[in-house]
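Notes for the structure review
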Amino acid sequence: MDKNRRNFLKVAGISTLAGLGAPAIVDRVISGKGEGEVFASGGAAGHHGAEPTEHHGEGNTESHKEEKTGTRYGMVIDTRQFNANPKLGVKCVDACHKMHNVPEFPKGDKNEIKWIWLTNHENAFPEHSQQFKDKDTADNKVLVTCNHCENPPCVRACPTKATFKNKDGIVMMDFHRCIGCRFCMAACPYGARSFNWLEPKTILPTPTNPDYPRRMRGVVEKCNFCADRLALGEKPACVAAAGHSGAMIFGDLNDPNSEIRKVLKENFTIQRKPSLGTNPSVFYIV
Amino acid sequence: MFEKALKGNTNYRIWLAILGVFMAIGGLCYIHQFNTGLGTTGMGRDISWGLYISQFTFLVGVAAGGVMLVLPYYIHNYKAFGKITILGEFLAIAALLMCLMFIMADLGQPIRALNVMLHPTPHSMLFWDMIVLNGYLFLNILCGWVILTAERKGVKPPKWIYIFVYTSIPFAISIHTVTAMLYCGLPGRHFWLSAIIAPRFLASAFAAGPALIVFIALILKRVANFDAGKEALNKMVTIILYAALINAFFVGLEFFVGYYSNIPGHMHTLQYLFFGLEHHGHMYNNLVPFMWGFVVLCIGGIILLAIPYTRKQNEFTLGLGCLMIFIALWLDKGIGFVLGGFVPNPLHEIVEYTPSLNEIMITIGVWSTGFFILTILYKIAVGVEHEIEN
Ligand code: SF4
Ligand code: SF4
Ligand code: SF4
């Protein structure tokens with residue numbers, strides 16, 4: 001038994017060392033270092049760690065000290081325009097869902113799939129003051145969708161890299177790799193993700209857009225900032241549906257001369273749940 | 001050694017047959033789910049994890065609980081546990097197999113499950129969970145089997161096996177810690193976002209696992225003539241008591257932080273679980289009975305195990321106390337913890353979850369499969385014990 005004990009002490013020593021080393025490794029992998037280009041948020045996460053209070057409560061990319069290289073797509077949603085034109089929101093939602101063959105369920109159905117939808121101000125911004133609402137925020141709905149977070153918790157959680165961050169800042173889905181574990185749904189603090197609880201083809205027998213693939217059952221989906229339209233030089237479908245109203249502005253947040261940066265410079269904007277450090281790429285003018 | 005599982009008296013066969021029926025029903029229900037999709041469950045867009053993942057979380061704890069036998073026996077050389085340590089190891093095997101079955105039942109694309117290994121993703125806690133769960137399963141199968149074989153031959157187990165036995169101890173801690181990290185690292189889920197989750201999981205595991213073992217040991221004494229020994233059971237009850245008390249203490253701390261700080265996000269889920277949450281004039285409270293069941297059974301169980309008479313003189317009350325603790329912790333972790341965490345949803349809407357019949361039958365099917373495996377493993381272990389005695 002004595003010998004066993006000595007053996008044990010050796011093992012215990014080694015495992016303690018391993019235990020002490022593990023956090024450093026975990027820290028490194030969480031911040032995405034060594035993850036290559038796919039997980040492009042790596043550098044940004046490190047940046048966050050260094051200056052933890054940088055973005056908190058900030059509604060504007062101006063707070064970034066260093067200018068980012070590369071593209072980071074983002075969106076500004078001007079709720080004033082949507083308030084002025086109540087039909088516009090539904091039009092944008094329809095444009096997206098038709099474009100991407102999103103099957104339609106009764107509203108509030110547990111199996112519902114939503115890429116972009118309208119919700120109350122208090123639901124979109126639960127962390128903001130709701131005590132004495134002005135008429136506009138009380139009466140009108142707000143468009144919400146995936147924020148394409150700069151530090152996306154969904155990407156961190158996914159065990160297969162089926163959800164990943166592209167070089168252009170878009171948080172993408174690989175429907176053929178997703179195992180349907182729904183860890184990303186638990187991780188997303190914005191409820192932006194939907195799961196195919198049923199066979200989508202049975203609910204949407206004929207695709208509304210034959211050029212876009214329908215999904216299979218058992219995978220997660222969400223807004224992809226219309227990555228394939230962007231590749232063709234077109235604007236996202238919802239932005240196009242909003243037309244020239246200026247209600248939705250899309251562009252490169254890292255380009256100081258872009259239209260979106262101009263709008264951000266001229267207006268006070270907010271992000272959803274800024275305190276969580278996800279740094280959404282969707283901004284709201286309220 | 002497997003031949004020992006084949007011979008058994010009528011009760012043994014009837015018990016296995018009953019489990020077999022539930023396994024078959026569960027299997028049929030799973031085929032239905034496999035063909036139709038997870039829409040056959042009560043889960044949905046807002047409550048995206050249900051019974052499967054909550055059972056998984058609880059059973060990881062049951063598996064880890066076995067270490068409360070392994071550790072005193074192998075490290076502190078506590079001889080009284082000699083006979084029942086194998087029960088802990090075999091319980092871990094059955095519980096882990098149930099965990100893996102629940103994970104598979106929960107996947108939308110189970111056929112692609114291997115993607116977790118084909119595309120290893122170290123920043124995902126699910127990846128690490130898979131590693132430690134499979135590692136712990138391997139360690140328990142290996143250690144249990146080698147040691148039991150040696151015992152049967154009447155020789156000392158080979159030296160090298162102790163390396164694996166000692167490794168299994170940090171592994172037991174890690175499986176439940178990493179499982180806690182699935183939850184406590186998610187931003188925006190306030191109920192889960194608490195550093196106390198991992199220690200609380202461990203405390204409840206160290207009560208639930210041993211409670212089940214004591215309960216089963218009392219049954220084995222009657223039906224299989226297997227006596228674990230008074231001293232061993234008594235020591236385990238002490239462990240159960242302390243662990244259950246620490247778990248209750250941690251739950252109390254969560255209440256303090258939530259209600260004293262008065263931060264709505266930290267109160268909502270507790271309010272929903274224990275008292276019901278009112279929202280737009282509607283009262284949402286479908287988990288309240290379960291949570292008060294937890295409180296009552298936990299207190300009742302602790303009392304039964306703490307009073308010397310009910311603990312030492314009366315095996316019925318001892319078994320009842322252990323069963324009450326086990327069920328209480330199942331309600332706490334196997335129901336409340338996971339399901340409650342989704343209320344309210346990220347948009348502060350409230351959606352309630354009710355499992356579907358199909359889902360419940362699959363869940364019962366997995367539990368039955370687990371107990372089927374456990375019965376066979378225990379049959380073998382007890383058979384070897386008897387062989388040595390003769
Ligand atoms: S909004 Fe949700 S789904 Fe979209 S990137 Fe952020 S965390 Fe991921
Ligand atoms: S459901 Fe799919 S995308 Fe989401 S975490 Fe699991 S594998 Fe990744
Ligand atoms: S950007 Fe494209 S995918 Fe996203 S909501 Fe708009 S239309 Fe839908």
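It should be noted that the structure appears before, not after, this text.
Residues numbered from 1 in each chain as written. Chains lettered and ligands numbered in written order. Predicted model: local features only at pLDDT ≥ 70, side-chain atom pairs only at ≥ 80, totals over all residues. Heavy atoms only, no water.

Take the overall build of chain B next. What chain B contains, in helices and strands, is 15 helices and two strands. Here the C-alpha radius of gyration of chain B, 21 Å, is about what a compact globule of 390 residues would show, namely 21 Å. If you line up chain B on its principal axes, its C-alpha atoms span 70 × 50 × 40 Å. Out of the 390 residues belonging to chain B, those deemed buried represent 59%. Considering only contacts in chain B between residues 6 or more positions apart, those separated by 24 or more positions represent 76%. (Helix = DSSP H or I, 4+ residues; strand = E, 2+ residues; numbered from the N terminus. Rg over C-alpha atoms; globule rule 2.2 N^0.38 Å. Buried < 20%, exposed > 50% of the residue type's maximum accessible area, 1.4 Å probe, protein only. Contact = heavy atoms within 4.5 Å.)

The next thing to look at is the environment of B:Leu118. Residues and elements named next belong to chain B. Within the secondary structure, Leu118 is located in helix 6 (residues 115–118). With relative accessibility at 61%, the residue Leu118 sits in the exposed group. Spatially, the C-alpha atoms of Leu118 and Phe372 are 32 Å apart, while their sequence positions differ by 254 residues.

With that out of the way, let us pick up the pattern of salt bridges. Counted under the stated rule, the structure contains 14 salt bridges over all chains. The salt bridge partner of A:Arg215 is A:Glu221, with a shortest N-O separation of 2.9 Å. On the basis of relative accessible area, A:Glu221 is assigned to the buried category, the value being 1%. Taking the shortest distance from any N to any O, the salt bridge between A:Glu234 and A:Arg229 comes out at 3.6 Å. A cluster of three or more residues bridged by salt bridges with shared partners is formed by B:Lys221, B:Arg222 and B:Glu315. (Salt bridge = Lys/Arg side-chain N within 4 Å of Asp/Glu carboxyl O.)

A few words now on the site of ligand 2. Around ligand 2, the neighbouring residues are A:Cys158, A:Pro159, A:Thr160, A:Ala162, A:Met173, A:Cys178, A:Ile179, A:Gly180, A:Cys181, A:Arg182, A:Cys184 and A:Val220. The residue makeup of the shell around ligand 2, split by class, is nine nonpolar, two polar and one charged. (Near = heavy atom within 4 Å. Nonpolar A, V, L, I, M, F, W, Y, C, P; charged D, E, K, R; others polar.)

A few words on the interface of chain B and chain A. The partner chain A presents 57 residues to the 51 residues of chain B that form the contact. Interface area lost by chain B to chain A is led by B:Arg45, B:His123 and B:Leu347, which between them contribute 19%. For the pair chain B and chain A, the interface holds one salt bridge. B:Asp106 is paired through a salt bridge with A:Arg182; the nearest N and O atoms lie 2.6 Å apart. Run the count over chain B and chain A and you get 30 residue pairs in polar contact (both at pLDDT 80 or more). Top contributing element to the side of chain B that touches chain A by residue count: helix 8 (residues 161–184) of chain B, with five residues. Here the side of chain B that touches chain A is composed, by residue class, of 24 nonpolar, 21 polar and six charged. (Buried area = accessible area lost by both parts, 1.4 Å probe. Polar contact = N/O pair within 3.5 Å; in protein donor to acceptor, adjacent residues only side chain to side chain.)

This part takes up the sheet that holds strand 9 (residues 282–285) of chain A. The pairing of strands in a sheet happens through backbone hydrogen bonds and is either parallel or antiparallel. Residues and elements named next belong to chain A. Read from one edge of the open sheet, three strands run 8-1-9, paired in mixed fashion. Looking at which strands have only one partner, the edges of the open sheet turn out to be strand 8 (248–252) and strand 9. Neighbour to neighbour, the strand axes of the sheet diverge by 20° on average, direction disregarded. Judged from the four bridges that link them, strand 1 (residues 73–78) and strand 9 form a sheet pairing that is parallel. Note that in strand 9 the partner of Met75 across the bridge is Val282. Taken strand by strand, helix 12 (residues 259–266) contacts strand 1, strand 8 and strand 9, and its axis lies near 120° from that of strand 8. (Pairing = 2+ DSSP bridges. Axes fitted to C-alpha atoms, helices over the stretch in contact; angles between N-to-C directions.)

All right, on to helix 4 (residues 67–74) of chain B then. Residues and elements named next belong to chain B. For helix 4, the tally of buried residues reaches six of eight residues, placing the bulk of the element in the interior. Those residues of helix 4 not exposed but buried are Val67, Met68, Leu69, Val70, Pro72 and Tyr74. Tucked into the core, helix 4 has its buried residues touching helix 3 (51–65), helix 5 (85–106), helix 7 (125–153), helix 8, helix 9 (197–223) and helix 10 (230–261).

An ideal rise of 1.5 Å per residue puts 42 Å on 29 residues; helix 7 of chain B measures up with 42 Å between its terminal C-alpha atoms. After helix 7 of chain B finishes, the residue B:Gly154 shows a positive phi value of roughly 75°. (Expected span 1.5 Å × (residues − 1).)

Our focus in this paragraph is the site of ligand 3. Taken together, 13 residues are adjacent to ligand 3, and A:Cys96, A:His100, A:Cys223, A:Cys226 and A:Cys238 come closest. When grouped by side-chain class, the residues that make up the shell around ligand 3 number 10 nonpolar, three polar and no charged.

In this section: unusual backbone geometry. A cis geometry characterises the amide bond from B:Val343 onward to B:Pro344, with omega recorded as -5°. As for its placement among the helices and strands, B:Pro344 is situated in the loop between helix 14 (315–340) and helix 15 (357–389). In this structure, A:Asn101 takes a positive phi of about 50° despite not being glycine. With respect to the secondary-structure elements, A:Asn101 resides in the loop between helix 4 (87–99) and strand 2 (116–120). The phi dihedral of A:Lys161 falls on the positive side, at around 60°, and the residue is not glycine.

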